[in-house]
Amino acid sequence: MARHLGRPFGRLLAGLAVAGWTTAAAAQPTRTSHQVAGLEAPAEILVDQWGVSHIYAASVRDAFFLQGYNVARDRLWQIDLWRKRGLGLLAKDFGPDFAAQDRAARLVLYRGDMTAEWAAYGPKAQGYAQAFTAGINAYVGEIRSGARPLPEEFTITGTSPDLWRPDEVVRIRSHGLTRNAAAEVERAQITCAAGLEANALNRKLEPPRDLSIPEGLDPCAIPAGVLADYRLATKGVEFTAGQVVAQAEDIPADAIGSNNWTVAPSRTATGRPILANDPHRAHGVPSLRYIVHMEAPGFSAIGAGEPALPGVSIGHNGTIAFGLTIFPADQEDLYVYETDPEDPNRYRYGDGWETMKVVTETLEVKGQAPRTVELKFTRHGPVVFADPVQRRAYAVRSVWSDPGTSAYFGSSDYMTAQNWDEFSGAMSRFGTPSENQVYADTAGNIGWIAAGRVPVRQGWDGLMPVPGDGRYEWAGYMDSSDLPSRYNPETGWLASANQFNLPADYPAERQISFEWSNRARMARITQVLEADGDLTLAEAMALQTDPTNVTAASLIPLLSDIPAPAPDLAAAIALLQAWDGRTEADSAAAALYEVWLFKHLGRATVKAAAPAAAQALIGHGDQPAISDYLTAAAPAERAPILAASLTAALNEVREKLGPDPAAWTWGGLHHARFEHALAPRLSPDAAERLAVGPAPMAGTMLSPLAATWRPSDYRVVSGASFRMVLDVGAWDNSVAINTPGQSGDPASPHYRDLFPLWVKGDYVPLLYSRPAIEAATETVLALTPAP
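Quick caveat, the model's predicted, so the values are computed rather than measured. (Residues numbered from 1 in each chain as written. Predicted model: local features only at pLDDT ≥ 70, side-chain atom pairs only at ≥ 80, totals over all residues. Heavy atoms only, no water.)

A. Inspection of the overall build of the protein chain at higher detail. In terms of regular secondary structure, the protein chain is built from 23 helices and 31 strands. Taking 2.2 N^0.38 as the reference for a compact globule, 787 residues should give roughly 28 Å; the C-alpha atoms of the protein chain span a radius of gyration of 26 Å, in line with that estimate. With the principal axes as the frame, the protein chain shows a C-alpha extent of 80 × 70 × 55 Å. A buried classification covers 61% of the 787 residues belonging to the protein chain. At a minimum sequence separation of 6, the contacts of the protein chain that also span at least 24 residues come to 73%. Measuring between centres, the 66 positive side-chain charges of the protein chain sit 3 Å from its 88 negative side-chain charges. (Helix = DSSP H or I, 4+ residues; strand = E, 2+ residues; numbered from the N terminus. Rg over C-alpha atoms; globule rule 2.2 N^0.38 Å. Buried < 20%, exposed > 50% of the residue type's maximum accessible area, 1.4 Å probe, protein only. Contact = heavy atoms within 4.5 Å. Lys, Arg positive; Asp, Glu negative; His and termini not counted. Charge placed at Lys NZ, Arg CZ, Asp CG, Glu CD.)

Below, the structure is given as structure tokens:
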């Protein structure tokens, strides 16, 4: 297998010595004792050399209590900010510039029956949340009593951490990944500007679909700011010197995804399944995900999850392993209403009018009097925009308003499964985000299951906004048994990378989605997993960090169509033609290709092929759609596009890296640096102290080593902060990496210690057995109940 990957494996050895680390020479651990209010029996937390906490509790309740206590110990600022953002409480701490975001966040809170909500996650979920939040509150209580120091971010902002209620864990919906409402708006606006055909370069639809305007919709009735509240509700918290700002550069939709695969024993060198997962999200400090290990009588789990949620969503127990990627089901729609000229809170429905539900709430605002805000809801969901002059209102319908759709919390149901039947049963109840879950167990079985709430749209496709007058209702949800899955396939492996993956014989009438991620990552994964049958752990790691961009193999040959290129352009073409498509940090060709592909080729194609009225809306277009257009075009038609765009890219790279291609490197442009969210409010020295990096980095948005960069400065903004490769059944051979570190405390050695390993594509052991953990333990926290 190594011959297919082209990566050195000396630093990728699985087991207890990975990336230069060794447990054999571990120093005697530091041991501290502490009494904790709310703990019911003595327990221990063993923190290993890499900052991973291993919790040993006398009961399941205490295990989740200590998970909350421990994450507060490591990540209190992060989870407190997550809670305040989700509940719409930012203005209370940070001032009036956050009031609009608070109001928007409250629009998407779950407001239904809590009995149904808890029941949807299984019989143990509420207890998990109660124990988890009690643990967080115990740590906050220690801060309030002076027994623990206040994390410095609270001192910087003049704020303090709040106490949690269990229902807040699930009522918050704003952290869920959004789906295609923005794409619906884009299509309508492009159609208004230049007709349906102008959408061709905007987004590729799979399976192929002819666009149509829904009956009753005026595409020109969709205003530019229709999703302003929606975007505020689902965005992170961004500080400037005292105010919140919109994100300057949107992360491409393809950047929000993941890779995973599961390989049967018949195709591995270990004779056991190998399961790998690297979820991709926006990068930050601290990391989006947190690794934890929890042990109690009748309960065992290790892996990563969202820090503010109990349990783990990616990892393993003693019997099964699991890993997720987004399965891009269409889980939302934008509805357009005619409102009553006599009462803007009434909207046309059927033959009459319906009245919106109006909820009045109070926002506390730092330095100002409280504000009263109105939140409006139709039968479909929150009203995100209203235009009383044009007598229109707009609401987003999403699965997240239903019980059981708190993002990722469904892991509370599946993480304790012991076999495929139990696992698939739990996944049949899973709500959001819709997922490709891969599975493996110690008996040698592997599987894949697509899970999540998928609306049934009868006679319409969800690709554009629709009138909210009753003609376009969801007819319930697809039955989980109608979603695709596979178990122990003959191929011996299963994988997903958010690409179009409906089976060839999948019934066309079951419309799940027409919008999927670029299949480039999956194409490379397929090349490697199909090529051999003796996958090793090291090779699985190398595949996760493989920087190959397979689009080069189809696009670079087109450059031969450019007639008589000037000498400098001919040299640039020759550089690309000799390249293997690997976006290594030291590659000159990668620097030129990436700048060409993502900054110039798409825009040049749109300028040449799209109607002028729609070009600004389409922007760079959709890379698969651009590639399809260029491949199908006549050589004489595409040659000017290729020549102009590559010349522009060549000029940009020269400007940034100098005139000599021998001195170019992709890492000279493409770099990883994480800045703390509070950096704009800090002095330069303080901001630098909290920052991590920079470091040159390989990869790109379209390689398995996902490293999406922003056009303004080539900084990596999203990708896999967490990676995991599991040796199923020989668990101590498993490895993982988080970045920049496990801790959110800038004073902790685990704040940034994993960053240099992550940049190089290295891993650390994900230890599971008590003896191996003890050999690697750095700190022992001996905890007892407070009297």
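We are not done yet, so read on.
B. Structural view of the packing of aromatic side chains. One pass over the structure, following the stated rule, counts 34 aromatic pairs. When the ring of Phe 64 is compared with that of Tyr 128, the centres are 4.0 Å apart and the planes differ by 15°; the resulting orientation is stacked. Of this pair, Phe 64 sits in helix H2 (residues 60-87) while Tyr 128 is found in helix H6 (residues 125-145), placing the two residues 64 residues apart along the sequence. Across the pair, exposure class does not vary: Phe 64 and Tyr 128 are buried alike. A ring pair is formed by Phe 94 and Phe 98, whose centres lie 5.7 Å apart and whose planes are at 50°; its orientation type is tilted. You'll find Phe 94 and Phe 98 in the same group, each marked buried. Members of the aromatic cluster, joined through ring pairs, are Phe 322, Tyr 414, Trp 420, Phe 423, Phe 430, Tyr 439 and Tyr 487. One residue, Arg 457, lies across the ring of Trp 460, its end atom 5.5 Å from the ring centre. In this structure, Arg 770 packs its charged tip against the face of Tyr 56, placed 4.3 Å from the ring centre. (Phe/Tyr/Trp six-rings, centres within 6.5 Å; stacked < 30°, edge-to-face > 60°. Lys NZ or Arg CZ within 6 Å of the ring centre and 35° of its normal.)

C. Structural view of the pattern of salt bridges. As enumerated under the stated definition, the model contains 49 salt bridges in all. Through salt bridges with shared partners, a single network forms among Arg 83, Asp 162, Arg 165, Asp 167, Glu 168 and Arg 171. (Salt bridge = Lys/Arg side-chain N within 4 Å of Asp/Glu carboxyl O.)

D. Region of the structure containing the packing of helix H16 (residues 567-577) against helix H20 (residues 635-657). Axis separation between H16 and H20 bottoms out at 10 Å; the angle between their running directions is 90°. Of the possible angle classes, the one that applies to H16 and H20 is roughly perpendicular. Contact residues: H16 offers Asp 568, Leu 569, Ala 572, Ile 573 and Leu 576, while H20 offers Ala 643, Leu 646, Thr 647, Leu 650 and Arg 654. Residue classes in the contact of H16 with H20 are distributed as seven nonpolar, one polar and two charged. (Axes fitted to C-alpha atoms, helices over the stretch in contact; angles between N-to-C directions. Parallel < 35°, antiparallel > 145°, perpendicular 65-115°, else oblique. Nonpolar A, V, L, I, M, F, W, Y, C, P; charged D, E, K, R; others polar.)

E. Representation of empty space enclosed by the protein. If you walk through the whole model with that rule in mind, you get nine cavities of 30 Å³ or more. Of the voids in this model, the second largest cavity is the one considered here, and its volume is about 60 Å³. Lining the second largest cavity are Gln 67, Val 71, Phe 132, Tyr 290, Val 292, Ala 304, Gly 305, Glu 306, Pro 307, Leu 309, Gly 311 and Val 312. When residues of the lining of the second largest cavity are traced back to their parent elements, those giving at least two are H2, strand S6 (290-296) and strand S7 (299-305). Residues that form the lining of the second largest cavity fall into these classes: eight nonpolar, three polar and one charged. (1 Å grid on protein atoms, 1.4 Å probe; cavity = no way out; pocket = protein on both sides within 12 Å on 5 of 7 lines; lining within 4 Å. Points joined across faces, edges and corners; volume = space filled by probe spheres on them.)

F. Summary view of the layout of surface pockets. By volume, the second largest pocket amounts to about 580 Å³. In terms of lining, the second largest pocket is formed by 28 residues, of which the most central are Arg 73, Asp 74, Ser 743, Asp 745 and Ser 748. Looking at the lining of the second largest pocket, the elements with two or more residues in it are H2, helix H7 (152-157) and strand S31 (777-785). Its residues assigned to classes, the lining of the second largest pocket shows twelve nonpolar, eight polar and eight charged.

G. Region of interest: the nonpolar core. Formed by 140 residues in total, the largest nonpolar core has its most connected members in Phe 423 and Ile 512. With 13 residues, H2 is the largest single contributor of residues to this core. Not counting residues within four places of it along the chain, the set of residues in contact with Phe 423 comprises Ile 320, Phe 322, Tyr 414, Ala 417, Gln 437, Tyr 439 and Ile 449. With 49 residues, the next largest nonpolar core counts Leu 559, Trp 579, Leu 601 and Trp 664 among its residues. (Core = buried A, V, L, I, M, F, W, Y, C linked by side-chain atoms within 4.5 Å.)

H. Looking closely at the state of the cysteines. In this structure the tally under the stated criterion is one disulfide. Shown here is the disulfide that connects Cys 192 with Cys 220, its sulfur atoms set 2.1 Å apart. Taking the torsion about the sulfur-sulfur bond, which here is approximately 105°, the covalent link between Cys 192 and Cys 220 counts as right-handed. Of this pair, Cys 192 sits in helix H9 (residues 181-194) while Cys 220 is found in the loop between H9 and helix H10 (228-234), placing the two residues 28 residues apart along the sequence. (Disulfide = S-S within 2.5 Å.)

I. Layout of the pairing of S7. Where burial is concerned, most of S7 is hidden: seven out of the seven residues are buried. Neither face of S7 is exposed, since Phe 299, Ala 301, Gly 303 and Gly 305 on one face and Ser 300, Ile 302 and Ala 304 on the opposite face are all buried. Hairpin connection, S6 to S7: the antiparallel pair is bridged by two residues, and Gly 298 has positive phi, about 85°. (Pairing = 2+ DSSP bridges.)

J. Quick look at H20. For H20, built from 23 residues, the straight-helix expectation of 33 Å at 1.5 Å per residue is met to within 8% by its first-to-last C-alpha distance of 31 Å. All of the buried residues along H20 are Arg 638, Ala 639, Ile 641, Leu 642, Ala 643, Ser 645, Leu 646, Ala 649, Leu 650, Glu 652, Val 653 and Leu 657. Where H20 is buried, its residues touch H16, helix H17 (588-609) and helix H19 (623-632). (Expected span 1.5 Å × (residues − 1).)

K. Expanded view of unusual backbone geometry. Cis rather than trans, the peptide bond between Thr 432 and Pro 433 has omega equal to -15°. Note that Pro 433 resides in the loop between helix H12 (420-427) and strand S17 (435-441). Here Gly 693 and Pro 694 are connected by a cis peptide whose omega angle stands at 10°. Considering the arrangement of structural elements, one finds Pro 694 in strand S25 (residues 692-696). Phi is positive for Tyr 714, which is not a glycine, with a value near 65°.

L. Fine view of the pairing of strand S12 (residues 352-355). As defined by bridge partners, strand S11 (residues 343-349) adjoins S12 across four bridges and the pair is classed as antiparallel. If you follow Tyr 349 over to S12, its bridge partner there is Gly 352. Counted along the chain from S11 to the antiparallel partner S12, the turn is two residues long, and its residue Gly 350 has a positive phi close to 65°.

M. Structural view of the sheet that holds strand S22 (residues 485-487). Reading across from one edge, S1-S31-S2-S3-S6-S7-S8-S9-S17-S18-S22 is the order of the eleven strands in this open sheet, with mixed pairing throughout. Because the sheet does not close on itself, it has two edges, and the strands there are strand S1 (30-36) and S22. Here the average twist between neighbouring strands, direction ignored, is 15°. Strand direction decides the pairing type here: S1 and S31, joined by seven bridges, are parallel. The residue bridging Gln 35 from the neighbouring strand is Thr 784, located in S31. Most of the contacts of H2 go to S6, to which it runs at about 155°, and overall it touches S1, strand S2 (43-48), strand S3 (53-56), S6, S7 and S31.

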